[in-house]
Number of protein chains: 2
Amino acid sequence: MDGPTKIFLDEKDMPRQWYNIQADMPTPMKPPLNPGTGQPISPDDLAPVFPMNLIEQEVSQERWIDIPEPVLEKLLLWRPSPLYRAKAFEEALGTPAKIYYKNEGVSPPGSHKPNTAVAQAYYNKAFGIERLTTETGAGQWGSALAFACKLFGLKLKVYMVRISFDQKPFRKFMMETWGAECVPSPSPNTNAGRSILEKLPDTPGSLGIAISEAIEDAVTSKNCRYSLGSVLNHVLLHQTIIGLEAQKQLALIDTYPDVVVGCAGGGSNFAGLSFPYIRDKIHGKEVHVVAAEPAACPTMTKAPFVYDFGDTAMTTPLLPMHSLGHDFVPPPLHAGGLRYHGMAPLVSQLIIDGLIEPRSYHQLECYKYAVLWAGTEGFIPAPETSHAIAAAAEEALRAKEEGKEKVILLNWSGHGLMDLTGYDAYLSGKLSDYALPEEEIARAEAALEGLPKP
Amino acid sequence: MDGPTKIFLDEKDMPRQWYNIQADMPTPMKPPLNPGTGQPISPDDLAPVFPMNLIEQEVSQERWIDIPEPVLEKLLLWRPSPLYRAKAFEEALGTPAKIYYKNEGVSPPGSHKPNTAVAQAYYNKAFGIERLTTETGAGQWGSALAFACKLFGLKLKVYMVRISFDQKPFRKFMMETWGAECVPSPSPNTNAGRSILEKLPDTPGSLGIAISEAIEDAVTSKNCRYSLGSVLNHVLLHQTIIGLEAQKQLALIDTYPDVVVGCAGGGSNFAGLSFPYIRDKIHGKEVHVVAAEPAACPTMTKAPFVYDFGDTAMTTPLLPMHSLGHDFVPPPLHAGGLRYHGMAPLVSQLIIDGLIEPRSYHQLECYKYAVLWAGTEGFIPAPETSHAIAAAAEEALRAKEEGKEKVILLNWSGHGLMDLTGYDAYLSGKLSDYALPEEEIARAEAALEGLPKP
């Protein structure tokens, strides 16, 4: 066996700072706009929604931001996450490439999400906030924030899209085990929820409605704020600990990756691994960075770069991003975390600047590689993660053709133990492939006509 | 923070041998008996059921048995498992005790079971076997063996107790993802299954029936053997890697435990952690070893030490063990892995010899500590594991009373992400406590009257 299968990082070597890519971007990020005035929003505009310490992080241009000691202490419950080498998967592909993967599935909720959930819970607590609200689809984010709120003694109310609430109760049970209240959305708790329920009493709900409810609850309650699990700058910032750890771990075996890949829905796990490498790339290092998304929701590969709302109900500021339109209804897809209509503004800008290559993959191909992974490496990947695996496999097979000893680093963003119905559907031949048709892209572009251009 | 939260063991320091406690037992284990003749069974008697290389391990008196290189290579997919310190849980209890836990939940199926599944799959493959059969209740063992068979290219058929097959499909999906065939038991595939189905077409099934079907399938098929996930000597042997790793990890921080605890259903995870410590104890070291079981199935604390069958259908040899009787019907209990009627013969003998202290815990107390654990350490424990946590908490609170800086080591045998319905039942007040009444013990003792005495 050449080299170790797992590379651990000593706790004392865990990164003490997050990396803020805004300090290094060739094109500075365009500001979010107030949809009413068309003018850049100010920190004060966001104050009813987020605590000021997180708003300061959102707009910070500092390259390195200290991780507070209480956050470090909680991250130590599972971090530094191990870096694994996927030797058995390499062997199955017959590739000369070496595939390393950062196993973010080792966190208590099983994904990368708690990296920012813990930080956000801490900052809210430090700001005197007593309760948080958020939305969740299948429950990955809701369970991560429930875990984090429990650690810091914050109350949490999660608005969970009703169809998931009814059909996938297990992540709701996780949230409740960590002490959070989880209600189906639309709910009778908010004006937004009530007005939908009056019109459509049997609606399955949507992420857009759930966001509107969570924000309304936060801004109308005392000592309460809203928390978001992806897209925003401070969320991506908190995830950079993944890439910073990976750099230290690979340095222990004198290795630097040729290719860095991650899956991208809102963009946070992808950014977390890749931003420290994109920093190197900006400074002249040769490294290829690939973001993988589903062909059914091709935000990065097909959608225009526009100013758009973050939510369906148009309650957020306008963000400069690749977007399929805030009223985009994603097709059925087991990778629930990759169904968001937009892409993080930071990731979007870096795509425009040519620093990230986006690629899309079909669902059936992703499951094929996920099952191969499970049968070789053992760990069953989340459906989202399978997109990164498909991209890594594509790179590894290319290396085989070219006879190159390429080093591939992938972000294994979470395990699939809560998503086994997707595997069952795949294995029993019930899954179909679907790529978003061109006319849907055209429709999205037309719908975004009236909004400001970045 | 005093000391690290996690202690990793370098891959090159992973144990290369399993520890066989038979070489050190003060009272040699009594032999299994042929129920027909009442005479000790010979290896040949077992040959239709298990491959001869595993039978040799079952009866071996060698202290150290080499772990074959291909087994080591597969164990490296997740081993050495990390040793964690439960600082936040200690703090919540306000104890001066230090609690270390061996996190066996990091394996791909999420429990300690693959430690023996991988070894058994390897030995069967090496013996020329092409297909295995086994039974499973909630699916922990079936999924671990499915994983292991996939790694070595063996076919597997799992007879899953029908009520679990119908109500808990997720571990079935895991097994299928790893390529195993999983059928509800009783099935029309076997004589045993057909005869039950004729009499009771709507039976929910039982572990006893599933074992009978799996054995019948194995002994009547070509190049096929049966595999068992606990109880037998070779299974416990394979699990000793847990304790051997823990000893090396604790030595890295110059620590030796005062108390070693594990939960025990069939006995394998408990034995895996504790046997290397019991060896030290036999040689004069002071260490207290505690085995935790449910009050609802008090095999070790209440049942007699007898010769009994391993299965309900009385197809196995007679084993010398603590047993509630092979026809014992366990009460409803969320810790599915702790519902077995007997206890591993090796563990039973060591209890008789005073080297292990068995204790029983009530379900509600176990869930109380499991929820506290989830809210402090983050990881949600399997319902089985919660019994070990309850025992560790009891020890830690005693240390608090006594003002002692005790070191407690517990086997965190698996995570509870596939068992969240139990948490939901607990949190919504639907769980009741239940201790097996004395008359049931008396009934078991009476039912065992006709069998030979150890």
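Computed from a prediction, not measured in an experiment: that's the story for all the values here.

What follows deals with the pattern of salt bridges. A full pass over the atoms with the stated rule returns 42 salt bridges over all chains. A salt bridge links Lys6 of chain B to Glu11 of chain A; the shortest N-O distance between them is 3.2 Å. Within this pair, whereas Lys6 of chain B is found in strand β1 (residues 6-7), its partner Glu11 of chain A is found in the loop between β1 (6-7) and β2 (17-19), the two belonging to separate chains. With a relative accessible area of 5%, Lys6 of chain B lands in the buried category. Between Arg63 of chain B and Asp24 of chain B there is a salt bridge; the shortest N-O distance is 2.7 Å. In this pair, Arg63 of chain B is assigned in the loop between α2 (52-59) and β3 (64-66) and Asp24 of chain B in the loop between β2 (17-19) and α1 (43-46), connecting sequence segments 39 residues apart. Arg63 of chain B sits in the partly exposed class, given a relative accessible area of 31%.

Before going further, it helps to spend a moment on the packing of aromatic side chains. Residues and elements named next belong to chain A. Overall, the coordinates contain 36 aromatic pairs over all chains when judged by the stated rule. Seen from their ring centres, Tyr256 and Tyr277 are 5.5 Å apart, and the 70° between their planes marks the pair as edge-to-face. Of this pair, Tyr256 sits in the loop between α12 (241-252) and β10 (259-263) while Tyr277 sits in helix α13 (residues 268-282); the two residues are 21 residues apart in sequence, bridging distant segments of the chain. The exposure class assigned to Tyr256 is partly exposed, which follows from its relative accessible area of 26%. Linked through ring pairs, Tyr84, Phe89, Tyr101, Trp373, Phe379 and Trp412 together constitute an aromatic cluster. Taking NZ or CZ as reference, Lys172 lies 4.6 Å from the ring centre of Phe165, over its face. The side chain of Lys285 reaches across the aromatic face of Tyr256, ending 4.3 Å from its centre.

This brings us to the confidence of the model for chain A. On average, residues of chain A carry a pLDDT of 94, and 99% of them reach 70 or more. Interface confidence in the predicted complex, given as ipTM, is 0.95; pTM for the same model is 0.96.

Rules of the game
Residues numbered from 1 in each chain as written. Chains lettered and ligands numbered in written order. Predicted model: local features only at pLDDT ≥ 70, side-chain atom pairs only at ≥ 80, totals over all residues. Heavy atoms only, no water. Salt bridge = Lys/Arg side-chain N within 4 Å of Asp/Glu carboxyl O. Helix = DSSP H or I, 4+ residues; strand = E, 2+ residues; numbered from the N terminus. Buried < 20%, exposed > 50% of the residue type's maximum accessible area, 1.4 Å probe, protein only. Phe/Tyr/Trp six-rings, centres within 6.5 Å; stacked < 30°, edge-to-face > 60°. Lys NZ or Arg CZ within 6 Å of the ring centre and 35° of its normal. pLDDT = per-residue confidence, 0-100.

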